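# Examining the three-dimensional arrangement
Given next are the chains, with one letter for each unit.
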Amino acid sequence: MSALLSVQSLTVRTGALELVSKVSFEIEPGARMGLIGESGSGKSMTALAVMGLLPARVHSSGSVLLDGKEVVGAPERTLVPLRGNAAAVVFQEPLTALDPLMKVGRQVAEPLIRRARRNGEKLARREVRREVRRLFEEVSLPEPDRVSHSYPHQLSGGQRQRVALAMALSCRPKLLIADEPTTALDVTIQAEILGLLDRLVRDHGMALLFIGHDLPVVASVVDQMTVLRQGVAVEQGPVGQILREPRHAYTQELVDAARTFDAALEGSA
Amino acid sequence: MSTARDGGSVSAAAGRKRSPTLIVGLILVGIHVAVALLTLVWTPYEPSDTSGSRLEAPSWEHPAGTDRLGRDLLTQIMIGSRIALAVGSGAIGIGALIGVTFGLLAAFATRLLDDALAALLDILIAFPTLLLAMLVVAAQGGASLGSAVLALGIAISAIVARLTRIVSKRVLSQDYITASRTSGTSWPAVVFRHVLPNIWPTLVVNFALQFGLAVIAEASLSYLGLGTPPPNASWGRLLLEAQGTVLTAPVGAIAPGIALVMLVLGMNFVADGLRDVGDPTRRRTR
C-alpha cells in the first residue's frame, strides 16, 4: 500500500537559515502521526511545506509526495486542486484562522460549493445550507442555525475551533493536518476538542498529522510519533515505544517533564 | 453621489450602531445631493439670466444677491453643487478603479515589480496636482469639466493605490488567508472573497475623505482657470469672479464659500462616522 503522505529528506530554509533539516516520515491512509517539538523546532513549517504554502522567501527542497503528487516546486495550478481534497488543515488560533468579516456558515460553505463545482455539479442554496447544518451538528455545535449566521468574534474559542474543524471536514480531505489545534484553548475545552478530533478522524477514515508541543496531548491521539528538535527529527517510532524507552536525550527530557508535571498534579491533589 | 450611497449602505449594515457624526455628515451631503438633483428640473432663475441689477445685496428676489453680470448667485451656487458632486464622484470613480487595481497588483507582484510600482506611486504622489492638471488641460487642448475630473482622478488613484497596497499586504499576511488557501481557494477567489471585503471599510473611509479634498481641489483649479469653464458655475470660479469685488459685495465670496465648506465638512464627517461604525468586529465593543 502506498503512503498517502511521503516526506523524504525535506529541508526548509530561509536565506542561510535551515528551519527544517532532512526530515523524513510517511503516513499511510488512515494512520495517525504526531509531530512534536518546542516552538521554533520547525513543526508548523513542515505542515506548511506539505501544503505547498510556505511564506515568500522560505524555500523547500527534498520531496513531499501528497496523494501521489509532488508538492515541492510544484506550480500553483497543481497545488490548488490538491489542497482541501488531499489534505486540509486546522490551525492553532481559530480567531485569526477565520475571516473576521465573513459569517462562519459561509466560510464552511465555500469549500462545499467549490468541490461541487470541480465535480461539475451545482449545489442549490438549500442543499448547501443543509450540508453546513449537518457539518455543524457533526462537530457538536449548539444551535447550528444561529452559529451559521454569526461572525467569528461572536463565538467562543471552543466554538470557533469547532467551526474550523467543520471547515476542514467540508473539504472531505484524506489527510487532516492539525497544527496545535488545542493550544489556544483552556484545558476542559481542549479535552473536548481532542475527543471530537479523535472521533471525526475515526468516523471519516482520515489520516491525521497532529502537531503539538505537549507530549501527553500528542500521545493521546496518535499511534506514531516524530520528535523534532531545531529542525532535525531526533526520534521516530510508535508512541508506546517512545514513551517507554526514549532513545534520544531530548525525548527523555520531554517524557520526564510530562512525568514531573503529572507527579506534581497528583502530589497537590 | 456614489460615495454618499456607499455611506448609506455601510451604515445600514452596521445595524444597531449609530454614529451621530455619520448622521450629521449624511445630512450635510444629502442637502447638496438634493439641491443638485433639484437643479436638473428647477432653479430660481435661468443660469444665464442677467436681468437683475449688478452686485445686488441679498434680498427676497435674490437671497444670495447677484454677481457682477446681474445673474442670481443662489442659482449659480446651486448649480455649483451639481458640478462639485459630479467632479467628486467622477474623480473618486476613476481613482478607485485605477488605484485599487494597481494597489492589488503591487500587493501580489514579485518583489522587484512591487518595489518599482511603489516608487512610481511615490513619484506620482509627490507630483503636484496643479502641474498634473495643467498637463491634462494641455493634452486635451483646453480646460473642461472632464480635464479637471481626469487630473484629480489620476492624483487620487496614486493615493488609493498606495493605501490599497499596504492594507492588502496586511490582509494577505493574516492566518485566515493561509487557512482559506489550505482548503483549496485559488488566488482570484482569495482576492474577491477575503481581500476586497477586508480592505473595503478602510478604502470607503478614504474615498469619503478624498471626495472632500477633490471638491476643494476642483474649486482651486477652477479658481486658477484650469477647471470648469463658463458658463458652468463652479464654486471656485464664483470665488474667482467675486475676488475683485470682495470688499464691496462680500456675499459673492462668502456664499459659495459656505456651500463648499458644508459639502467638504459633510464628507469628512461621513468619513469619520464610517470609521466609527467600521467593521462588524468593532461593533461589539461599542
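A quick note: this is a predicted structure, and the numbers were derived from the prediction, not measured.

### Some words on the sheet that holds strand 1 (residues 5–14) of chain A
All names here are of chain A. Taken in spatial order, the 4 strands of this open sheet run 2-1-4-5, and their pairing is antiparallel. Since the sheet does not close on itself, it has two edges, and those belong to strand 2 (17–27) and strand 5 (69–70), each with one partner. Docked against the sheet, helix 1 (residues 43–51) engages strand 1, strand 2 and strand 4 (59–66), running at close to 115° with respect to strand 1.

### Quick notes on the interface of chain B and chain A
At the interface, 21 residues of chain B touch 27 residues of chain A. For the pair chain B and chain A, the summed buried surface comes to about 2,100 Å²; carbon and sulfur atoms form 59% of the total. Per-residue buried area on chain B facing chain A is highest for Arg181, Thr182 and Arg193 of chain B; these three make up 26% of the total on that side. Counting the contacts that link chain B with chain A gives 2 salt bridges. Between glutamate 76 of chain A and arginine 181 of chain B there is a salt bridge; the shortest N-O distance is 2.8 Å. At the junction of chain B and chain A, the tally comes to 11 residue pairs in polar contact (both at pLDDT 80 or more). Of all the secondary-structure elements, those providing two or more residues to the side of chain B that touches chain A are helix 7 (175–182), helix 8 (187–223) and helix 11 (280–283) of chain B. When the residues that make up the side of chain B that touches chain A are grouped by side-chain class, the tally is 6 nonpolar, 9 polar and 6 charged.

### Some remarks on helix 9 (residues 235–242) of chain B
Because each turn of an α-helix spans 3.6 residues, side chains separated by three or four positions end up pointing in the same direction. With 6 of its 8 residues buried, helix 9 of chain B lies for the most part within the structure. Looking at the buried side of helix 9 of chain B, the elements it contacts are helix 2 (20–41), helix 3 (73–108), helix 8 and helix 10 (251–277) of chain B.

### Comments concerning the confidence of the model for chain B
Averaged over every residue, the pLDDT of chain B is 84; the share at 70 or more is 91%. Here the predicted complex carries an ipTM of 0.87, next to a pTM of 0.83.

Rules of the game
- Residues numbered from 1 in each chain as written.
- Chains lettered and ligands numbered in written order.
- Predicted model: local features only at pLDDT ≥ 70, side-chain atom pairs only at ≥ 80, totals over all residues.
- Heavy atoms only, no water.
- Pairing = 2+ DSSP bridges.
- Helix = DSSP H or I, 4+ residues; strand = E, 2+ residues; numbered from the N terminus.
- Contact = heavy atoms within 4.5 Å.
- Axes fitted to C-alpha atoms, helices over the stretch in contact; angles between N-to-C directions.
- Buried area = accessible area lost by both parts, 1.4 Å probe.
- Salt bridge = Lys/Arg side-chain N within 4 Å of Asp/Glu carboxyl O.
- Polar contact = N/O pair within 3.5 Å; in protein donor to acceptor, adjacent residues only side chain to side chain.
- Nonpolar A, V, L, I, M, F, W, Y, C, P; charged D, E, K, R; others polar.
- Buried < 20%, exposed > 50% of the residue type's maximum accessible area, 1.4 Å probe, protein only.
- pLDDT = per-residue confidence, 0-100.

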